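Tertiary structure, described
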Protein chains: 2
Amino acid sequence: MLLNPRPDPAPSAHDRVYRGLRGRIMHGELAPGLPLTLRGIGAEFDVSMTPAREAVRRLSAEGALTISSSGRVSTPELSNDRIEELAALRALLEVELASRALPRAHIALIERLQSINSRIAEDIARQDAVAYIRRNLEFHRTLYLRAQAPAMLAMAETVWLQLGPTMRALYGRLRRKDPPHYHRLIISALKAGDEPGLRLAVRSDVTQGLRMLVA
Amino acid sequence: MLLNPRPDPAPSAHDRVYRGLRGRIMHGELAPGLPLTLRGIGAEFDVSMTPAREAVRRLSAEGALTISSSGRVSTPELSNDRIEELAALRALLEVELASRALPRAHIALIERLQSINSRIAEDIARQDAVAYIRRNLEFHRTLYLRAQAPAMLAMAETVWLQLGPTMRALYGRLRRKDPPHYHRLIISALKAGDEPGLRLAVRSDVTQGLRMLVA
DNA sequence: TGGCGCATTTCGTGATCACAAAAGACGAAT
DNA sequence: ATTCGTCTTTTGTGATCACGAAATGCGCCA
């Protein structure tokens with residue numbers, strides 16, 4: 001008997017649309033305030049309005065899209081207060097996730113993180129904002145997966161999703177040269193098993209970038 | 001000119017369904033594992049399948065409903081691990097919310113909380129589990145509204161939503177006689193402006209009930 | 001040149017329908 | 001009595017359509 005490792009011969013249309021849009025939003029490929037239409041989304045993914053609407057509805061429930069009172073769909077434009085709040089949420093959730101991941105962080109994980117980190121440096125050198133955002137989130141997700149806390153990780157990803165378009169606007173204007181300093185602190189704290197240091201490093205890394213966006 | 005305080009003459013169908021289902025789930029009116037059908041929901045709210053599906057899709061995005069691989073909809077049956085994780089999330093978020101509400105908590109708010117608390121005692125005397133859950137959440141929400149942190153409050157409510165059916169199962173079997181002890185500690189800490197005490201009281205209140213559910 | 005009003009187009013909403021897959025009911029064979 | 005196979009029913013999915021509202025474009029007038 002041959003069990004297919006991917007028992008998914010027919011992914012549903014709305015899920016395909018959902019995943020496609022979600023990826024673009026989270027990785028900052030869509031600018032804040034960008035208007036979308038159901039018919040446009042449907043045409044782009046080659047489906048009718050029905051699954052497009054379901055995907056949009058789901059994304060708006062996660063805060064990845066905003067729907068005006070007249071039903072118009074667009075990527076969110078966040079106020080400074082909201083950005084600060086989301087940054088505080090990131091700090092709250094991700095510090096906890098990192099803390100839970102710490103006792104399970106073996107050497108293989110740390111090497112993976114270092115590998116991701118060096119690729120981030122390449123993305124920075126190439127000035128590729130989207131790749132940088134994606135790789136940065138991959139760094140964090142790789143660490144947090146070890147926390148064995150799926151609901152908490154899902155919430156953190158929801159926050160990333162809400163910040164996606166805004167992060168694009170941030171890293172677009174920010175011309176940085178150096179790889180993220182706090183990522184190296186995170187790795188050091190992981191190696192040393194230093195929980196307070198890890199918490200501080202994660203909090204700093206998460207808060208750092210958002211601060212200049214508010215300015 | 002007479003401005004209507006409710007400028008919502010025509011609430012959309014899917015929103016009506018969403019709100020209706022959400023309230024029932026959050027307040028524990030639906031048992032865990034209860035199967036639902038789109039046609040049934042549509043008939044109950046007197047709409048077609050389309051808005052019913054949108055509401056269900058949105059609720060499943062919030063974790064209030066689970067959708068099987070074949071598309072079947074039901075209220076979630078949470079594992080013990082998931083319950084513990086959600087309790088930890090409640091602690092994390094609500095301690096922060098209470099802490100942010102503390103400096104803005106005036107006497108009028110505290111009186112409102114005491115009023116809600118005495119009604120909780122009545123609900124307990126009446127052995128009305130649904131009313132108890134609803135009032136208990138009202139107590140927490142009233143406090144957290146003062147935190148001026150809408151995104152954080154929304155996340156906390158999402159956790160409540162996921163725990164709704166399970167809380168029903170909990171308070172159904174639990175025959176308690178006394179009003180919640182930790183609510184009085186919360187009020188005391190608010191009066192005294194005691195932040196560490198408040199954080200501890202909220203954490204205890206949130207963790208308390210869930211512990212015996214895991215047993 | 002700038003603002004106003006009307007017609008056209010675009011867009012979201014919700015109902016309906018055909019289709020396929022899953023679940024359930026029923027009966028026969030062991 | 002139980003299990004297996006089949007047939008019927010139930011259910012979710014996605015496309016299409018009609019409708020009304022919102023937005024857009026355009027021309028007119030000041």
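Residues numbered from 1 in each chain as written. Chains lettered and ligands numbered in written order. Predicted model: local features only at pLDDT ≥ 70, side-chain atom pairs only at ≥ 80, totals over all residues. Heavy atoms only, no water.

As annotated in an unreviewed UniProt entry, chain A is HTH-type transcriptional regulator McbR from Roseovarius halotolerans.

With that settled, consider the relation of the copies chain A and chain B. It takes a turn of 180° to lay chain A on chain B, together with a shift of 0.0 Å along the axis; the resulting RMSD is 0.0 Å. With respect to symmetry, the two chain copies, as superposed, fit the operation of a two-fold axis. Ranked by how close their C-alpha atoms come to the rotation axis, the residues of chain A are headed by Arg-58 of chain A, at 2.5 Å. Taken together, the interface assignments show that 100% of the residues at the interface of chain A recur at the interface of chain B, consistent with an identical surface on both copies. (Least-squares fit on C-alpha atoms with pLDDT ≥ 70 in both. Contact = heavy atoms within 4.5 Å.)

Turning our eyes to something else, we now look at unusual backbone geometry. All names here are of chain A. Of note in this structure, Gln-127 is not a glycine but carries a positive phi near 55°. Structurally, the position occupied by Gln-127 is in the loop between α5 (107–125) and α6 (129–145). Residue Gln-127 is classed as partly exposed on the basis of its relative accessible area of 39%. (Helix = DSSP H or I, 4+ residues; strand = E, 2+ residues; numbered from the N terminus. Buried < 20%, exposed > 50% of the residue type's maximum accessible area, 1.4 Å probe, protein only.)

Every one of the 18 residues lining DNA strand D counts as a neighbour, but Ala-13 and Ser-48 of chain A together with Arg-39, Met-49 and Arg-53 of chain B are closest to it. Contacts to DNA strand D include Leu-38 of chain B, whose backbone N or O atom sits 2.9 Å from a phosphate oxygen. Measuring from a base nitrogen of DNA strand D, one finds a side-chain N or O atom of Arg-53 of chain B at 2.8 Å. If you tally residues by element for the surface near DNA strand D, the top one is helix α3 (residues 49–61) of chain B, at three residues. Looking at the surface near DNA strand D residue by residue, the classes come out as six nonpolar, seven polar and five charged. (Near = heavy atom within 4 Å. Polar contact = N/O pair within 3.5 Å; in protein donor to acceptor, adjacent residues only side chain to side chain. Nonpolar A, V, L, I, M, F, W, Y, C, P; charged D, E, K, R; others polar.)

The subject of this paragraph is the interface of chain A and chain B. Contact with chain A, which involves 25 residues of that partner, is made by 25 residues of chain B. Overall, the association of chain A and chain B removes approximately 2200 Å² of surface from exposure, summing both partners, and the carbon and sulfur fraction of that is 69%. When residues of chain A are sorted by the area they lose upon contact with chain B, Arg-57, Glu-85 and Met-155 of chain A head the list and together hold 27% of the total. Counting the contacts that link chain A with chain B gives four salt bridges. A salt bridge links Glu-54 of chain A to Arg-57 of chain B; its shortest N-O distance comes to 2.7 Å. (Buried area = accessible area lost by both parts, 1.4 Å probe. Salt bridge = Lys/Arg side-chain N within 4 Å of Asp/Glu carboxyl O.)

A word on helix α8 (residues 181–192) of chain B. Three or four residues apart is the spacing at which side chains of an α-helix point the same way, because the helix has 3.6 residues per turn. Residues and elements named next belong to chain B. The terminal C-alpha atoms of α8 lie 17 Å apart, and with twelve residues this matches the ideal 16 Å at 1.5 Å per residue to within 8%. Within α8, the full set of buried residues consists of His-183, Ile-186, Ile-187, Ala-189 and Leu-190. Across the axial projection of α8, the buried residues extend over an arc of 165°, all falling on one side. For α8, the exposed residues lying more than 90 degrees away from the buried face are His-181, Arg-184, Lys-191 and Ala-192. (Expected span 1.5 Å × (residues − 1). Arc of directions from axis to C-beta.)

The interhelical angle for the contact between helix α4 (residues 80–101) of chain A and helix α4 (residues 80–101) of chain B, taken along N-to-C directions, is 140°, at an axis separation of 11 Å. Considering the angle they form, α4 of chain A stands oblique to α4 of chain B. The handedness of the crossing between α4 of chain A and α4 of chain B comes out as right-handed. Contacts between α4 of chain A and α4 of chain B involve Ala-88, Leu-89, Leu-92, Leu-93, Glu-96 and Arg-100 of chain A on the former and, on the latter, Ala-88, Leu-89, Leu-92, Leu-93, Glu-96 and Arg-100 of chain B. Counted by class, the contact of α4 of chain A with α4 of chain B contains eight nonpolar, no polar and four charged residues. (Axes fitted to C-alpha atoms, helices over the stretch in contact; angles between N-to-C directions. Parallel < 35°, antiparallel > 145°, perpendicular 65-115°, else oblique. Left-handed = near helix turned anticlockwise from the far one by under 90°.)

Okay, the sheet that holds strand β1 (residues 35–36) of chain A next. Residues and elements named next belong to chain A. Strand order across the open sheet formed by three strands is β1-β3-β2, with antiparallel pairing between neighbours. Looking at which strands have only one partner, the edges of the open sheet turn out to be β1 and β2 (66–67). Here β1 runs beside strand β3 (residues 73–74); their pairing, made up of two bridges, is antiparallel. By the bridge assignment for β3, Pro-35 is matched with Ser-74. (Pairing = 2+ DSSP bridges.)

What follows concerns the protein's contact with DNA strand C. Among the 18 residues in the neighbourhood of DNA strand C, the closest are listed as Arg-39, Met-49 and Arg-53 of chain A together with Ala-13 and Ser-48 of chain B. At the protein interface, 63% of the atoms of DNA strand C within 4 Å belong to sugar or phosphate. One of the backbone nitrogen or oxygen atoms of Leu-38 of chain A is found 3.0 Å away from a phosphate oxygen of DNA strand C. Ala-13 of chain B has a polar backbone atom sitting 2.4 Å from a phosphate oxygen of DNA strand C. Among the secondary structure elements, those contributing two or more residues to the surface near DNA strand C are α2 (38–45) and α3 (49–61) of chain A together with α1 (13–26) and α3 of chain B. Among the elements that make up the surface near DNA strand C, the one with the highest residue count is α3 of chain A (three residues). Tallied by class, residues from the surface near DNA strand C come to six nonpolar, seven polar and five charged.

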